[in-house]
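Structural overview
Here is what each chain is made of, one letter per residue.
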Amino acid sequence: MRERVAIVFMTLNVVATLAIGGAIAYEFAHPGHATATQSAGATVQTTPATSQPTAGGVAGQVHSSSGGTSAPVVTAGGGGGGSSQTSSGSSKPASTGKTSSGKTSSGKTSSGKTSSGARTSDPQQGVSNGVITVGGIFDETGPVDATVERDTVRSYFDLVNAQGGVNGYKLQLIDCDSKYDPSAAHQCAQKLISEGVLAIVGWLSLSGEQTETPYLTGQGVPIIGGLGVPAEYASPLSFPTTPSLVTEGTALGTRACELKLKSPGVIFLNANFIAPVEQSFLNAMKKCGISPVDVETVDATKADYTDVVLKFQADGAQSVAAFVDPFSYARLFQAMERQNFHPPVLGGGLDKASANAQYASGCGSTCAVFGADSATPVLEYLDHSSTPAVAQYLAAVHKFYPGQYGALDTYTTYQWLAAEVFVKAIEDIGNGPVNRQTLVTALDGIKAYSDGGLTQPITYGSGNHDPLHCLQWIHNYNGRWKTTSGWNCF
Amino acid sequence: MAPLLEADKVSMSFGGVKALSDVSFDLHRGEILGLIGPNGAGKTTMFNCITGVVPGYKGHIRYDGEDLRNLKPHHRARLKIARTFQNLELFDELSALDNLLLPLDAFAPRGVIGDLLRLPMTVFDERKTQDKARSILHFLDLGDHADTPAGDLPVGLQRRLEIGRALALEPRLLLLDEPGAGLDARETAELARLLATVRERFKVTMLVVDHDMALIMRICNRIYVLDYGQMIAEGTPAEIRDDPTVARAYLGDAAVAA
Amino acid sequence: MLASVQWGLLPGFTVIGIALGGIYALAAIGLVLIYRVSGVLNFAQGAVSMFSAFVAYQVSIVMGAPALVGLLAAIGTGGALGYIIERFTIRPLAGRSALNKMVVTIGWLLVLQTAAGLIWKDTAYHAAVRLVRPSGFTFPGTSVVVGWDQLTTVVVALGLAFGTAAVLRWTTFGTSMRAVADDPDAARLWGINVNRVMAVSWIAGSAMGAIAGVLITPSINFDPISLTIVVIDAFTAALIGRLTSLPWTVVGAFFLGLAETYPRIFSSNAGAGHAVTFALVLLTLAILFRPGARLRQRITAGRDYMPVPATGNAPLRRLVVGTALGLGILVPLLLSGYYQYLAADALIVGLIVLSLVVLTGLVGQISFCQYSFAAIGAFTVGSLVGGHHWNFWPALALGVVASIGVGVLVGIPALRLSGLFLGILTIAVALFFDNFLLAPGTWDSFSGGISSWTVGRPSFLGVSLNGGYAFYLFALGVFGVAVLAVWNLSRSKTGRVLRAIRNSEIAAATSGVNVTAWKLVAFGISAGLAGLAGGLLAPLIGSVSAGAYSFQQSLTVVAIAIVVGVRSVAAAAVGGIFLIFGPELLTHTPVSTLWFPLIVGAILIVQVILTPQGVVVDWQERLRKRFPPGPRFPGGSEAPTRVLEIELPEREVVNV
């Protein structure tokens, strides 16, 4: 009996391997969506048939291996590599993550039609069949959970799609998990390019943003949103929706002065973009004569902060200034509470609601987060929930991704803004062709966009972009974050 | 002439148990020496000491006058000391032929590159060693099973193969650890004949451990008896058979008294 | 100032160290109990703890029940998992080598870890169940606060350890447990219900693991991976206790906790990684200096071996290889750039599987650090090409040489270890790489620190390898040459010697084989292949960072290699394709790619159980009847077989 089972099992094994081979064959037999890579800035002609030249290499230079635009070979698109799913709420038919250019839907012409001057879709740049496809890179697994940022972008797209889309286009986000690892982020970038996304809209990849921004720029892919790492302010194709982290460092340093923090113990996250941020922070503090008693760098995976707290105590720290990811604060506070160390706390990015619940669990009235200070470059969402822009934002997330509602914070707001900015640019393109070039032009043309006061007005212009420099102070009153100032600009 | 193998007050303990206590014996060229004793007497331990498998014994073991201490097992094999194992340590996966090829293979990793690249010289060398191995197989009447995996052979043939593998080393000293275990009377007789022929043909000196008295008495020139790690008797088969100390060791006091 | 600061920190750090030790002790107790009674080193212990802790999370945090209820749910889950694992996946393996059972537990590790990640999300972001308040009391005489939860952990650890030791020593059931530990067959003859005893040990060990999980998670990152890693520290503690003595395990655990904590006084970079190094160093020492004869090792009742068929059928083989080669050259021409990239990736990973074919398939040594060897190749190329602008080819050559060197270095301690402990040693090496060598701050000019290295595509003989197809062809060429070389090796004298070593080290030694040197050769070749793979991955991906070369990767590739068949050289290609295109295949199904490790783990478990020699030999016989063998090659060559055993020299020298 066992023998028989074993034989069956081994047969299944062989079948599975053949199936994998078959999947590959299936891939190339069925036309997928665009997979071509573009060299920076090149325009792509609309192709008259459902055929595209095969594109070689995703890394390094781009070349077309068949040498011409009329080769009849059909390429296969694909997902995979990282874990990527596409879904944009209710309006997408399949979960396969690609649209096949053979189908027609909702009366839209397939990519087979050309019309000069009129709207033409370009399957090679994420526009096909009335669907605009963009990509996002997020640290979805690992010590940081950025799925909420991904779902925030999707919420906005779902909202827009539910209202008929933008200029007749529906929106779709393909995400890729960068796993808090620079190589995975790089593979994500390559993969999204090979899937022919129009742009990167919304990303939160602590390990990947700094290194992939130059790479994506080199490939001609516009980027909207992001955490605010320095590289995002040094590229004409990058459109951040937040002040740079260096600016935030200066802001927090200045705030430290205002609060008259004494002898701070300082903690920074070990990240590849952190050095200039640390610099700006410490310099701003130096201006009013504050110098830290101890500066510690920690990994996002650090589980126990007791040793940091003990060192701070031994060094005579009378305050704590920190710039780590939202998930690490809980562990820091836990250690502080246990050691009965309750100095004033100043931290960047402290306002994640679900994290707050974790910060506050079991510590009664002595929670370390109570009385903490932070700063945010957008309206503090929980404090302004009746402002129309904020209300819309919260409602959308609540409607489409209710499970993520509790994880919103200042960082997710930037991604919402990124999605909004993107859609605005598409609107501004109007009836013209939608491709990377026209997108960049439209983005450059955005003036004073503030989404009803959610953010300070954003104006891009051509060249590198650094549109935002202002933050508001927030303070934690027994678990609730309240805004304590207007806009402070740096 | 100096003995080929000389054990000089060899002692060995394992975790408090004295496996061997001051064991001394001589083995002369061309002899077949028997080493017997009840279970647990230390016979296999003695073998392990001679072949270098367990280090850390006290006393001396000299081979051709040379002290074997500090020589690794493969060095001792190079000195032409071969052994078989009580529990059959064949290379089960390898064919009978391959089992014999192994001792003829390089002592140290030489020719790995040749193997990787399958150089003609390497292939040629292989053919030569193959011939030698086949002749031993034939001698042992195992020629038909050259390609059978050793683990698939019946026990009797496996025992023969293990002797064959030892012979492939072209040994001067052959240590046989219970070669007759698991054999019936007919097979034992065949084994005895085989061992005699081996000594003739290959000019090998042998040290045999076994429980089968008939076998030992038949083939050995001299016999040593161990009990609880100590040597209690020594002599020709006839002398040992009549020695009451030996009987007591095997059967216990009551039986002897009776 | 510095001196006074350090002394002042000592009491506080001692508390941290002891608390940490308590955690390790808790994690180790179940492990030791299971090993002691059933002889299985349960790699899934951490995963079981973690899964049970997540169940507690679900019950107490998500569903809002009291913490105690969560704990009970966790204990129930742990016990149930322990029973299931033992009854259905270990018991059928009775008589097989301990390494097979260990491999099954690795399958469970993958299954449970992935399942937890799927159910509860694979992030560190879970509030832990707190049984005890984290507040504490000030240790008299110092300013150090000892948390009640820390104290509870230590007390529970001590209680369970000594309690279990007492049960084993003084109760009847405990005696029967010890009898089974010594010799299950004899115990059976004495009328002891061996099955029941085994089951109880697994249930108890897993339940204790569950308690450990719930108590530990407030202090560490509560994600699917961390508890598994804690188990490595637990292994170290257990080894200090010689895997049998619970009191000594506890002592070892505290020692380990302190040894890991004190260095943090001096390091201003409060990174988690550095601390683990000490666990690993201690692990290595513990393994190396363990007294060999005193550790209990099962003498396997039966021999597992996979007979190598004398010859394969040459024309058939040529046909198969020719077809595969043809397909391999033509099909990717038609694929998209991304798929060409994946195909090249599959072949390069195939090189790593090939490295396991050499090490495990030929010599029978298992290794969980192949990706660490690959990392050497990758980072050598990365730092030299990316950092110092070397030409790619000399950097690659240097990378391969370096990995061979490291392979030999790792092989040296491995020589004295048998399969199980060698496996643990290689895990220690993998974690050493992950947490120390490649971590930022240690050797940034090699690892790149917190940035990654960028490596462009080189040119080969004047042809640029930028294109997807060009690079793929190159990878195909390298892979083909490597496969040919290893195949030659397996058919040759070297192959014979290595197999002989695997079958019987002692007989090989007494037949004149310098076992040490040969094993080191095997390690060197294996590490070299992996290093070559890493060196090629660098230009393929374009960037080199530590995340791609982690212990998890090494674990997965071992699982896949076993699933595919470690003895077959052809397995390498299949393994690579499976590992790379498997998740890809999943994207076309409703099932998420995150399921892939779970599927691999499940297949692994089933594979190890359902592979009685008979069926495979049967298949081979059928194949041989259908296609009679051709002319013989010297040394014999093997036909590729699909699914195979792993067999290791388990037997220590039998004394007297």
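Rules behind the numbers
- Residues numbered from 1 in each chain as written.
- Chains lettered and ligands numbered in written order.
- Predicted model: local features only at pLDDT ≥ 70, side-chain atom pairs only at ≥ 80, totals over all residues.
- Helix = DSSP H or I, 4+ residues; strand = E, 2+ residues; numbered from the N terminus.
- Buried ≥ 20, exposed ≤ 12 C-beta atoms within 10 Å, placed from the backbone.
- Contact = placed C-beta atoms within 7 Å.
- Pairing = 2+ DSSP bridges.
- Axes fitted to C-alpha atoms, helices over the stretch in contact; angles between N-to-C directions.
- Expected span 1.5 Å × (residues − 1).
- Bend = angle between axes of the 7 residues up to and from the residue.
- Parallel < 35°, antiparallel > 145°, perpendicular 65-115°, else oblique.
- Nonpolar A, V, L, I, M, F, W, Y, C, P; charged D, E, K, R; others polar.
- Right-handed = clockwise from strand over helix to strand, strands pointing away.
- Core = buried A, V, L, I, M, F, W, Y, C linked by C-beta atoms within 7 Å.
- Domains from an automatic or database assignment.

1. A few points about the overall build of chain C
In terms of regular secondary structure, chain C is built from 25 helices and 6 strands. Across the 656 residues in chain C, those meeting the buried criterion constitute 65%. Sequence separation of 24 or more characterises 79% of the internal contacts of chain C that already satisfy a separation of 6 or more.

2. Comments concerning the overall build of chain A
Scanning chain A from terminus to terminus reveals 12 helices and 13 strands. Per-residue burial for chain A yields a buried fraction of 60% across its 490 residues. Counting contacts in chain A only where the partners sit at least 6 residues apart, residues at least 24 apart contribute 70% of the total.

3. Thoughts on the pairing of strand 10 (residues 230–235) of chain B
Two elements, strand 9 (residues 222–227) of chain B and strand 10 of chain B, share 5 bridges in a ladder whose sense is antiparallel. From the neighbouring strand, Asp227 of chain B faces strand 10 of chain B, where its bridge partner is Gln230 of chain B.

4. Remarks on the sheet that holds strand 3 (residues 32–36) of chain B
All names here are of chain B. The 6 strands are arranged 6-7-8-3-9-10 in an open sheet whose pairing can be described as mixed. Whereas interior strands pair on both sides, the edge strands pair on one side only; in this sheet they are strand 6 (81–83) and strand 10. Put simply, the sheet's adjacent strands are angled 20 degrees from each other on average, direction ignored.

5. Comments concerning unusual backbone geometry
One non-glycine residue with positive phi stands out, namely Asn129 of chain A, at about 60 degrees. By secondary structure assignment, the location of Asn129 of chain A is in the loop between strand 1 (127–128) and strand 2 (131–138). Notably, Leu88 of chain B is not glycine yet its phi reads approximately 55 degrees, a positive angle. Summarising the element assignment, Leu88 of chain B is placed in the loop between strand 6 and helix 3 (96–104).

6. Points about the sheet that holds strand 5 (residues 66–67) of chain B
Residue and element names in this part refer to chain B. One open sheet accounts for 4 strands, arranged 2-1-4-5; its pairing is antiparallel. Looking at which strands have only one partner, the edges of the open sheet turn out to be strand 2 (17–27) and strand 5. Here strand 4 (residues 58–63) runs beside strand 5; their pairing, made up of 2 bridges, is antiparallel. Paired with Tyr63 across the strands is Glu66, a residue of strand 5.

7. Some points on helix 23 (residues 571–587) of chain C
Residues and elements named next belong to chain C. The end-to-end C-alpha distance of helix 23, which contains 17 residues, comes to 24 Å, matching closely the 24 Å that a straight helix rising 1.5 Å per residue would cover. The largest bend in helix 23 comes to about 40 degrees, at Phe581, with the proline Pro583 one to four residues further on. With respect to burial, helix 23 is a largely interior element, 17 of its 17 residues being buried.

8. A few points about helix 9 (residues 226–240) of chain C
All names here are of chain C. The end-to-end C-alpha distance of helix 9 is 22 Å, a good match for the 21 Å that 15 residues give at a rise of 1.5 Å each. Counting buried positions over the 15 residues of helix 9 gives 15, a clear majority of the element. Residue Arg242 follows helix 9 closely and has a positive phi angle near 55 degrees.

9. As for the environment of Leu171 of chain A
Relative to the helices and strands, Leu171 of chain A resides in strand 3 (residues 170–177). Remark: the alpha-carbon pair of Leu171 of chain A and Lys260 of chain A, spanning 89 residues in sequence, is separated by 48 Å.

10. Notes on the packing of helix 11 (residues 410–429) of chain A against helix 12 (residues 436–444) of chain A
Residues and elements named next belong to chain A. Packing of helix 11 against helix 12 brings their axes to within 8 Å, and their N-to-C directions diverge by 105 degrees. One finds that helix 11 runs roughly perpendicular with respect to helix 12. On helix 12, the residues touching Ala425, Asp428 and Ile429 of helix 11 are Thr438, Leu439, Ala442 and Leu443. Of the residues in the contact of helix 11 with helix 12, the class split is 5 nonpolar, 1 polar and 1 charged.

11. With respect to the pairing of strand 8 (residues 294–298) of chain A
Residues and elements named next belong to chain A. Strand direction decides the pairing type here: strand 7 (residues 264–269) and strand 8, joined by 5 bridges, are parallel. From the neighbouring strand, Gly265 faces strand 8, where its bridge partner is Asp294. The parallel pair strand 7 and strand 8 is bridged by helix 6 (residues 274–287), and the resulting crossover is right-handed.

12. Considerations on the nonpolar core
Of all hydrophobic cores here, the largest spans 441 residues; its most connected members are Ala199 of chain A together with Ala25, Ala28 and Val353 of chain C. With 20 residues, helix 1 (residues 2–38) of chain C is the largest single contributor of residues to this core. Those residues in contact with Val353 of chain C that lie beyond four places of it in its chain are Val557, Ile560, Ala561, Ala571, Ala572, Gly575 and Gly576 of chain C.

13. As for the domain arrangement of chain C
When the parts of a complex come together, some accessible area is lost, and that lost area is often used as the size of the interface. Domain annotation for chain C reports domain 1 (2–121 + 147–294) and domain 2 (314–626). Centre-to-centre, using C-alpha coordinates, domain 1 of chain C lies 31 Å away from domain 2 of chain C.

14. A word on the domain arrangement of chain A
Residues and elements named next belong to chain A. Annotation of chain A at the domain level lists domain 1 (122–243 + 397–459) and domain 2 (245–376 + 471–489). Broken down by secondary-structure element, the contributors of at least two residues to the side of domain 1 that touches domain 2 are helix 4 (209–218) and helix 11. Looking at side-chain class alone, the side of domain 1 that touches domain 2 contains 11 nonpolar, 7 polar and 1 charged residues.

15. Concerning the environment of Ala19 of chain B
With respect to the helices and strands, the residue Ala19 of chain B is situated in strand 2. Each C-alpha atom of the pair Ala19 of chain B and Arg172 of chain B lies 27 Å from the other, and the pair is 153 residues apart in sequence.

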